[in-house]
Amino acid sequence: MGDAKQHHYIPICYSKNFSDDRGFLSLVDLWGDGKKFSSKPKNVLKEKYLYSQPLYSENRFDDSIERFFSNEVESSWTPIVSRMRRKIEISQEDWAGFVRFISSMHIRVPSKRYAVIELLRESVFRQMSQFDLDVPDMPEEISRQYRDLAGESAKDKPSIKDLIDVGVVRVSIDPHRYISSMSRLISSIILFSKGFRFGIPRVVHNETDVPFVSSDNPVCFFSGQSLKHVESPYLIRDNRSFSFIFPISSKMILVNGCLAKGKSIHASVDRVDFVRDVNKVVFKFANRFVFSSNHDALAGASKFSDVCPRPVYSRSIVLPGRVDFIYYRFGLPKKIYDGWEYGIKR
């Protein structure tokens, strides 16, 4: 698990399978004007205390979720990948571990936390919009800030909502609400729901010189069977026609039968165009970081810096203090910075 303060949302046991011969990852920061850099897996794709839960009664934080990910989810990943690499028959126990790992990778990443916070924040906005309250005796400094931000649309007597809309007043959401939503969000993953027909999964082995890439949001699935026309993230209209992609390593991906035909669980690909099309899908689903074993494979990633899966409030299930289901569309990335203070010392 490493440093208990540093919680890897992309675990080292996963990202190391995309490193080069020296053990370095090549990365592109899609939020940083396509900045390229290299790093050891242990030094990136992490946040301090990401999964820590506040225990107010004991005046401390609990790291049980981080320990669960480390001990119960990640521990079986390396042996499973090793067996897949050697094309050994995959047991039911391995598949169960694989599903558990993929489920965690779908809900533990920052983009999911941002989506929960954004939806809960939108819920607050909508409740406040019912009250068009004027702001009495607004200090000149705040008034000036409001006018600067609002520009020509500034009102003589702004309401609280007007101040929120332009960012003078910020609504902070407890990031712990994301953790509280985790179990329900796992249950809402349609791929693993009861009665859903996933079909035969395939492990595709890359025989080209172009490596598969991955990202900080590596679980990709969508309606249809075309890698060139990916319209609605995480939406499956017909379980007979959908595409699923999960990068395993630079040389392996897991897909469903729509993307790889055949009777065997293992398949090989020697087409560079297929590998590059898969990588473009991964770029499109990424939140901030994409990574690979070399920078050449990440060429073109910056073209996708203005698109990622975005939550849609009107079609999501948002309840007081939690989110049970998130409906997505592709849209402009939105950086969520939250200045929440727990009042408990770390």
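Up top is the structure.
What this report covers is the structure whose coordinates are included nearby. (Residues numbered from 1 in each chain as written. Predicted model: local features only at pLDDT ≥ 70, side-chain atom pairs only at ≥ 80, totals over all residues. Heavy atoms only, no water.)

## Looking at the overall build of the protein
Stated precisely, the cut-off is as follows: Comment: elements are numbered from the N terminus, with helices defined as DSSP H or I runs of at least four residues and strands as E runs of at least two. Note that the radius of gyration is over C-alpha atoms, with the globule rule given as 2.2 Å times the number of residues to the power 0.38. Exposure is judged per residue with a 1.4 Å probe applied to protein chains only, and the accessible area is read against the type maximum: over 50% gives exposed, under 20% gives buried, and values in between give partly exposed. Any two residues whose heavy atoms approach within 4.5 Å at even a single point are treated as in contact.
Along the protein, the regular secondary structure elements total nine helices and 17 strands. Relative to the compact-globule value of 20 Å for 346 residues, the protein shows a C-alpha radius of gyration of 22 Å, a close match. Expressed along its principal axes, the backbone C-alpha trace of the protein runs to roughly 70 × 45 × 45 Å. In the protein, which comprises 346 residues, the proportion classed as buried is 51%. For the protein, long-range pairs separated by at least 24 residues make up 73% of all intrachain contacts whose partners lie at least 6 apart in sequence.

## Some words on the nonpolar core
Spelled out, the test is: We define a nonpolar core as any set of buried Ala, Val, Leu, Ile, Met, Phe, Trp, Tyr and Cys residues linked to one another through side-chain atoms lying within 4.5 Å.
The biggest cluster of nonpolar side chains holds 93 residues, and the ones touching the most others in it are Phe98, Phe244, Phe246 and Ile248. The biggest single contributor to this core is helix α9 (residues 272-285), with seven residues. For isoleucine 248, the residues in contact, after removing those within four places along its chain, are Tyr14, Asn17, Phe18, Trp77, Val81, Met84, Phe98, Val203, Ile253 and Leu254. Met138, Tyr146, Leu163 and Val168 belong to the second-largest nonpolar core, a separate cluster that totals five residues.

## Digging into the sheet that holds strand β8 (residues 214-215)
For clarity, the threshold we go by: Each pair of strands is called paired provided DSSP finds at least two bridges between the two strands.
Judged by pairing direction, the sheet is antiparallel, and its four strands sit side by side in the order β3-β2-β13-β8 without closing on themselves. Lying at the two open borders of the sheet, with one neighbouring strand each, are β3 (35-39) and β8. One ladder, built from five bridges, connects strand β2 (residues 25-29) with β3; its direction is antiparallel. Paired with leucine 27 across the two strands is phenylalanine 37, which belongs to β3.

## With respect to the sheet that holds strand β10 (residues 242-249)
Put simply, the test is: As a rule, the C-alpha atoms of each element are fitted with a line to give its axis, helices using only the stretch in contact, and angles between N-to-C directions run from 0 to 180 degrees.
Here we have five strands laid out as an open sheet, ordered β9-β10-β11-β7-β12, and mixed in their pairing. In the strand order of this sheet, the two ends are held by β9 (220-223) and β12 (266-269), each with one partner. Recorded for the sheet is a direction-independent mean angle of 25° between the axes of neighbouring strands. The sheet contact formed by strand β7 (residues 202-206) and strand β11 (residues 252-255) spans four bridges and is antiparallel. Across the sheet, residue valine 204 finds its bridge partner in β11, namely isoleucine 253. Helix-sheet contacts for α9 involve β7, β9, β10, β11 and β12, and the interaxial angle to β9 is about 95°.

## Some remarks on the packing of helix α5 (residues 110-128) against helix α8 (residues 176-187)
Put simply, the rule reads: Oblique is the label for any angle not under 35 degrees, not over 145, and not in the 65 to 115 range, which are roughly parallel, roughly antiparallel and roughly perpendicular in turn.
Relative orientation of the contacting elements α5 and α8 amounts to 105°, with a least axis distance of 10 Å. Viewed along their axes, α5 and α8 adopt a mutual orientation that is roughly perpendicular. Residues Lys112, Arg113, Val116 and Leu120 of α5 touch α8, and the partners they reach there are Arg177, Tyr178, Ser181 and Leu185.

## A closer look at the packing of aromatic side chains
What describes a pair of aromatic rings is the distance from one ring centre to the other and the angle between the planes of the rings. The condition that has to hold: Under the pairing criterion, centres of Phe, Tyr and Trp rings, with the six-membered ring standing for Trp, must be within 6.5 Å; the plane angle then separates stacked pairs below 30 degrees from edge-to-face pairs above 60, leaving the rest tilted.
Under the defined criterion, the tally for this structure stands at 24 aromatic pairs. With a centroid separation of 6.2 Å and 45° between ring planes, the pair formed by tyrosine 14 and tryptophan 77 is classed as tilted. Highlighted residues: tyrosine 14 in helix α1 (residues 12-15) and tryptophan 77 in helix α3 (residues 77-85), separated in sequence by 63 residues. Take tyrosine 14: its relative accessible area is 0%, and that puts it in the buried class.

## Points about helix α6 (residues 140-150)
In plain terms, the rule: Picture the helix axis, draw a direction to every C-beta atom, and the arc is the one those directions span.
By the burial criterion, the buried members of α6 are Ser143, Tyr146 and Ala150. End-on, the buried residues of α6 take up no more than an arc of 60°, which puts them together on one face. Counted as exposed and oriented over 90 degrees from the buried face of α6: Glu141 and Asp148. Structurally, α6 contributes buried residues whose contacts are with α7 (160-166). After α6 finishes, the residue glycine 151 shows a positive phi value of roughly 65°.

## Brief notes about the pairing of β9
Alternating positions in β9 separate into two faces, Cys220 and Phe222 on one and Phe221 and Ser223 on the other, with burial throughout. Where β9 lies against β10, four bridges are found, and the strand directions are antiparallel. Note that in β10 the partner of phenylalanine 221 across the bridge is phenylalanine 244.

## Thoughts on unusual backbone geometry
Of note, aspartate 33 is a non-glycine position whose phi angle comes to about 55°, a positive value. By the element assignment, aspartate 33 lies in the loop between β2 and β3.

## Some details on the pattern of salt bridges
The condition is simple: Whenever Lys or Arg places a side-chain nitrogen within 4 Å of a carboxyl oxygen from Asp or Glu, that contact is recorded as a salt bridge.
What the rule picks out here adds up to 16 salt bridges. Between aspartate 29 and arginine 288 there is a salt bridge whose closest N-O contact spans 3.0 Å. Here the residue aspartate 29 occupies a position in strand β2, and arginine 288 occupies one in the loop between α9 and β13 (289-292), the gap between them amounting to 259 residues. Here aspartate 29 falls in the buried class, since its relative accessible area comes to 8%.

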